[in-house]
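Architecture and fold: a report
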Amino acid sequence: MTPVAAPERSMRIGDIAKAVGTTTRTVRYYEEIGLLPRSDEREAGQHRLYTEADLERLRELLRLRDLLGVSLEELRELVEAEDARAALRTEFRASEDPTRRREILEEALPLVDHQLALVRRRQRELEKLEGELAARRRRIRRRLAG
């Protein structure tokens, strides 16, 4: 007997927003600007149902936004690069041609470089802020000691 896969859980917008700790407005906006895929399957007047994949994507988007403090445009760039890398990864796994696999790796490298550049830029900004705060702290301590 072949095991039957459990149907994927569907969630409404309020459920997905609550699950990741955001608002329905944010979920709708992320969908409008293309960070979350739109659902073409619903009929007019029907509620949009979200999948576990949508939930994970939203969770990752919010994690990147909060962790890196990136703008929505930068977030879009990160996501587009990651989506392109995922497509290349799928193609890489499906190919046994060493030449094509090398080409795929060469295509993936600038995508990772772009993501890394954005992360490093944010890291430099945080280091600058840390330096400014440390200097303020030193000034306050000097005044307290003086």
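Criteria and cut-off values
- Residues numbered from 1 in each chain as written.
- Predicted model: local features only at pLDDT ≥ 70, side-chain atom pairs only at ≥ 80, totals over all residues.
- Heavy atoms only, no water.
- Helix = DSSP H or I, 4+ residues; strand = E, 2+ residues; numbered from the N terminus.
- Expected span 1.5 Å × (residues − 1).
- Buried < 20%, exposed > 50% of the residue type's maximum accessible area, 1.4 Å probe, protein only.
- Contact = heavy atoms within 4.5 Å.
- Polar contact = N/O pair within 3.5 Å; in protein donor to acceptor, adjacent residues only side chain to side chain.
- Axes fitted to C-alpha atoms, helices over the stretch in contact; angles between N-to-C directions.
- Parallel < 35°, antiparallel > 145°, perpendicular 65-115°, else oblique.
- Nonpolar A, V, L, I, M, F, W, Y, C, P; charged D, E, K, R; others polar.
- Patch = residues over 30% accessible without salt bridge, like charges linked within 9 Å, V, L, I, M, F, W, Y side chains within 5 Å.
- Areas by Shrake-Rupley, 256 points an atom, 1.4 Å probe, with all protein chains shown as cover.
- Salt bridge = Lys/Arg side-chain N within 4 Å of Asp/Glu carboxyl O.
- Core = buried A, V, L, I, M, F, W, Y, C linked by side-chain atoms within 4.5 Å.

The end-to-end C-alpha distance of helix H3 (residues 52-68), which contains 17 residues, comes to 24 Å, matching closely the 24 Å that a straight helix rising 1.5 Å per residue would cover. Three or more residues of H3 are buried, namely Asp54, Leu55, Leu58, Leu61, Leu62, Leu64 and Leu68. Residues of H3 that are buried sit in contact with helix H1 (13-20), helix H2 (24-32), helix H4 (72-94) and helix H5 (98-145). At the N-terminal boundary of H3, the capping side chain belongs to Thr51, with an oxygen 3.3 Å from the backbone nitrogen of Ala53. Taken from the residues just after H3, Gly69 is the one with a positive phi, measuring 65°.

Time to look at the packing of H2 against H3. Orientation of H2 relative to H3, taken along the N-to-C sense of each, is 95°, at an axis distance of 12 Å. Here H2 lies roughly perpendicular to H3, going by the angle between them. Contact residues: Thr26, Val27 and Tyr30 in H2; Leu58, Leu61, Leu62 and Arg65 in H3. When grouped by side-chain class, the residues that make up the contact of H2 with H3 number five nonpolar, one polar and one charged.

Another point: a nonpolar patch on the surface. A surface patch of nonpolar side chains, amounting to about 270 Å² of accessible area, comprises Leu126, Leu129 and Leu133. Examined against the element boundaries, Leu126 turns out to sit in helix H5.

Here we come to the nonpolar core. Formed by 22 residues in total, the largest nonpolar core has its most connected members in Val27, Tyr30, Leu35, Leu58, Leu61 and Leu75. Those elements that place two or more of their residues in this core are H1, H2, H3 and H4. Top contributing element to this core by residue count: H3, with six residues. If we skip the residues at most four places from it in the chain, Leu35 touches Tyr30, Arg57, Leu61, Leu72, Leu75, Arg76 and Val79.

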